[in-house]
Amino acid sequence: MLRLEKRPQPSAAWGWATPVLAVALTMVAGGILFAALGKDPFAAIKMIFWDPLFNPQFASYSRPQLLVKAGPLILIAVGLAIGFRAGIWNIGAEGQYIIGALCGAAVALAFFPSPGWYIFPLMVLAGAFGGWAWAMIPAILKTRFNTNEILVSLLLVYVAEKILAAMATGRMRNPDGAGFPGSRNIAQYPAASNPELIANSGMHWGVVTAFIAVIFAYILLHKHILGYQVQLAGQAPRAARFAGVAPARLVVLCLGLSGALAGLAGLFEVAGPARMISIDFNVGYGFTAIIVAFLGRLHPVGIVLAGLLMALTYIGGELAQFMLGLPSASIQVFQGMLLFFLLAFDVLSNYRIRFARAEAA
Amino acid sequence: MSEPLLAIEGMTKTYPGVVANSDVSFDIGKGEIHALLGENGAGKSTLVKAIYGLIRPDSGSMRWRGAPFTPSAPHEARAAGVAMVFQHFSLFDALDVAENVALGMDNPPPLRRLAAQIRKVSQDYGLPLDPDQLLGDLSAGQRQRVEIVRCLLQDPHLLIMDEPTSVLTPQEVDTLFRTLRQLRSEGRSILYISHKLEEIRALCDKATVLRLGKVVGRCDPRQKTARELAEMMVGTKLHQPERPPHAPGEVALEIRALNLASPSPFGTRLKEVSISVHAGEILGIGGVAGNGQDEFLAALSGEMRAPRGAVFVKGEPVGHLGPNARRALGLLCAPEQRLGHAAAPEMTLTENALLTGAWRQKLVKGGLVNWTKTRGFAEAVIKRFDVRTPGPQVVARALSGGNLQKFVIGREIMQRPEVLVVNQPTWGVDAAAAAAIRQALMDLAQGGAAVVVISQDLDELLEIADSFAALNAGRLTAKRPVRGLTLDQIGLMLGGADEDTDAAA
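Residues numbered from 1 in each chain as written. Chains lettered and ligands numbered in written order. Predicted model: local features only at pLDDT ≥ 70, side-chain atom pairs only at ≥ 80, totals over all residues. Heavy atoms only, no water.

Take the sheet that holds strand β1 (residues 6-15) of chain B next. All names here are of chain B. Ordered by their spatial adjacency, 4 strands build an open sheet running β2-β1-β4-β5, and the pairing between neighbours is antiparallel. Looking at strand neighbours, the two that pair on one side only are β2 (18-28) and β5 (67-68), the edges of this open sheet. Sheet topology note: the strand β4 (residues 59-64)/β5 ladder contains 2 bridges and is antiparallel. For Arg-63, the partnering residue across the bridge sits in β5 and is Pro-68. In this fold helix α1 (residues 44-51) packs onto β1, β2 and β4, with an angle of close to 120° to the strand it touches most, β1. (Pairing = 2+ DSSP bridges. Helix = DSSP H or I, 4+ residues; strand = E, 2+ residues; numbered from the N terminus. Contact = heavy atoms within 4.5 Å. Axes fitted to C-alpha atoms, helices over the stretch in contact; angles between N-to-C directions.)

With respect to the element layout, Thr348(B) can be found in the loop between β16 (331-334) and α11 (349-357). Not counting residues up to four positions away in its chain, the partners in contact with Thr348(B) are Pro392(B), Gln393(B), Val394(B) and Val395(B).

Another point: a nonpolar patch on the surface. Residue and element names in this part refer to chain A. A cluster of nonpolar side chains, namely Leu-2, Leu-4, Val-347, Ile-353 and Phe-355, defines an oily patch on the protein surface of about 520 Å² accessible area. Of all the secondary-structure elements, those providing two or more residues to the nonpolar patch are β1 (2-6) and β2 (351-355). Relative to the assigned elements, Val-347 resides in helix α14 (residues 328-350). (Patch = residues over 30% accessible without salt bridge, like charges linked within 9 Å, V, L, I, M, F, W, Y side chains within 5 Å. Areas by Shrake-Rupley, 256 points an atom, 1.4 Å probe, with all protein chains shown as cover. Salt bridge = Lys/Arg side-chain N within 4 Å of Asp/Glu carboxyl O.)

Another aspect to go through is helix α7 (residues 149-169) of chain A. All names here are of chain A. Taking 1.5 Å as the rise per residue, α7 with 21 residues should run 30 Å; its terminal C-alpha atoms sit 30 Å apart, in good agreement. Every buried residue belonging to α7 is among Glu-149, Val-152, Ser-153, Leu-156, Val-157, Ala-160, Leu-164 and Ala-168, and all of these are buried. In this structure, the buried side of α7 is in contact with α5 (93-111), α6 (119-145), α11 (247-271) and α12 (285-295). Among the residues of α7, the N-terminal cap falls to Asn-148, whose side-chain oxygen and the backbone nitrogen of Ile-150 are separated by 2.6 Å. (Expected span 1.5 Å × (residues − 1). Buried < 20%, exposed > 50% of the residue type's maximum accessible area, 1.4 Å probe, protein only. Polar contact = N/O pair within 3.5 Å; in protein donor to acceptor, adjacent residues only side chain to side chain.)

What follows deals with the packing of aromatic side chains. All chains considered together, the criterion is met by 19 aromatic pairs over all chains. Between Phe129(A) and Trp132(A), the ring centres sit 5.9 Å apart and the planes meet at 35°, which makes this aromatic pair tilted. Of the two residues, Phe129(A) and Trp132(A) both sit in helix α6, 3 residues apart, roughly one turn of that helix. Three or more aromatic residues joined by ring pairs form one cluster here, namely Tyr97(A), Phe281(A), Tyr285(A) and Tyr314(A). If you follow Arg256(B) out to its NZ or CZ, it ends over the ring of Phe312(B), 4.0 Å from the centre. One cation-aromatic arrangement involves Arg327(B) over Phe242(A); the distance from NZ or CZ to the ring centre is 4.8 Å. (Phe/Tyr/Trp six-rings, centres within 6.5 Å; stacked < 30°, edge-to-face > 60°. Lys NZ or Arg CZ within 6 Å of the ring centre and 35° of its normal.)

Residue and element names in this part refer to chain B. Taken domain by domain, chain B consists of domain 1 (6-234) and domain 2 (251-494). Relative to domain 2, the C-alpha centre of domain 1 lies at a distance of 32 Å. Counting residues at the interface gives 12 residues for domain 1, matched by 14 residues for domain 2. Of the roughly 1000 Å² buried where domain 1 meets domain 2, counting both sides, 61% is carbon and sulfur surface. (Domains from an automatic or database assignment. Buried area = accessible area lost by both parts, 1.4 Å probe.)

Okay, the interface of chain A and chain B next. The partner chain B presents 44 residues to the 27 residues of chain A that form the contact. Around 2700 Å² of area is buried between chain A and chain B when both sides are counted, 55% of it from carbon and sulfur atoms. Counting the surface chain A buries against chain B, the share from its top three residues, Tyr228(A), Arg238(A) and Phe242(A), is 29%. The tally of links from chain A across to chain B stands at 0 salt bridges. At the junction of chain A with chain B, the criterion picks out 11 residue pairs in polar contact (both at pLDDT 80 or more). By residue number, the principal contributor to the side of chain A that touches chain B is helix α9 (residues 225-235) of chain A, which donates 5 residues. Considering only residue class, the side of chain A that touches chain B consists of 12 nonpolar, 7 polar and 8 charged. (Nonpolar A, V, L, I, M, F, W, Y, C, P; charged D, E, K, R; others polar.)

And the structure:
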């Protein structure tokens, strides 16, 4: 019989091995899934993980896409990871991302078409504020009324989507757009656009911000007393209170920070790659970032790697849909499996498996 | 010689990395109170769990009235006539006594009939108990009666009691002992697990002493002194904490009419708590668990805020301050629960050194943690307090209870407190570590700090404290000098009687 036995010390080796193992097993299980759909599993896996980077036919288009997709994922995931370490579960980054984009876009549309160097910085502030404010709703409800931030933040995503649809078809609709839903093209409004900084690199201000956020988060988590308090609160709440950490302050801080970063990601997206507010503006970065945060071991450097990998599955997945006719849902299943395997293997860093005869416990 | 009730022969049980029992053999006779004596980690619990069918030994055999006995689950052991009262009760606060008893039985009769049985058994054995009372309203002593009555309803031949007196007042202990002696006179046997030597000398007929999983001695405890028993248990000569005579200094800690509600619904409200402690004084606070000890510590550590003028450190009001501001003024605390409260289980000793040492040891500058210095502080604590561990990179939960406690108490003492408050400093700690901790507390007081020791171990308090007060249902009695205090007086204080409440200490 198999038994799990707690390790005296968490295993550092397994901590590193689990993400790699999870990716490998996702490929195997994904391959089986694709074979069941009647596709060549090897071709599909290669299409997802290899072709976007190295196939000469696709690489020139898809390589820059890597940073475009990884930027918002990393930016959001870094914020989430800080909260997750404290045991504060912001599941609603998708909603904060939408509200951040709406606030940023509102600034741009208000100034349209006047020029001004200050417009873009103002949009950045508005985007961060929008995400922060949306995250303050679960934060205040939790600290005041002890509600569950998982539920509140998740449900607010659907509220944010409704607001997005209302804005795209209502107040933000392009007056010159012949009645079609969607705002003006912000990317073509020079004072407000978030352009590609180096041609064909995919690098835009959002990616730059993501890397700054990674460095900032690394210092916060590993060098600053606040990062220590965050981890203490997550691991041993009672010890944290004994150490003088105020739990309510931490909730407000973590939700606010992750909300602001998600809002920034939304702003950079709407002013850059997405170009405008539209009904289907959000594509699930806020949810995928949860996988990125865990796949990256809630560690800033790990999150960069995980963000790039998840971006690759997005791009490769689109490619596979397009080239092999895989259903789009199968890619989401694929990403979900990654998180599933990761969490399952995580058991091994704290426990070891023993083969033993049955024993009444 | 008559056949023993239970004979254990060559019992061995290993866990990964630990030999819990190694070739343990002993007999329990009919109508005998048999003491199982040993320090924490000596293997007492493992042995008892094997008898009760909770674990299966790797090798060795048990014979019950001469026949092979291999219980593979507790209900098989119960069917044979073994009953057990655990140290930690498995009772539900929201149910009444009869319902709680029914939950622990294999085939409970209808509640009405059970209630009648409970009344009868509790009368027969001098254990007054009302079957309709809600468990949440009962004291620890009454809760234990529920567990004992539940066992007695099964008409056991062998009753196993794991540290039964750790939650009782001296008066309650007397009642329990009367019951146990009555059971013995009926020909029932009792396996009595404890490390309280005086109790074992007063109650038991035979003793088996365990050390590191092995039987190291058998004796008639009535023929030995407590000191001899302790040395059998520990295996070395015990160091007796000692302290030269001294005169108390200025008032270091003062509490004035502190009223504070507990944040937890099952907590205890502190009522009109007033006391003062002088520099160089050790105040012992006794009381049965759940009478406000945790709340008292939290009110001093700053985890619970009080009105500004309720707590003073060296004349400075601190009631409104948080934990770190109080630490800055020299008021340090070590809570009872080591893992999860005093220390974070998954964090290294270095990280745990930062937990309370951050500000007073200046380990943080401009918000940034100086990890080199923190590690140095952790190493200093490990060295000075003889914490047995490979180094400060080890996570807290990997340490034994005694070693972690030495680290936790050492971490506070190394910060040179003006006032140190500790809750249950030697609970679950082996005798050698306990002696070291007590000596460290006495040295600290000798150096001019005021020390408050909250403990349920009266022997410990009488050994190290200068003055004594008791917590009862959130009220603190006036303090009295330990010298000249009798056990009877202490029992009355623990029970809440206070002859001279007005005589301010």
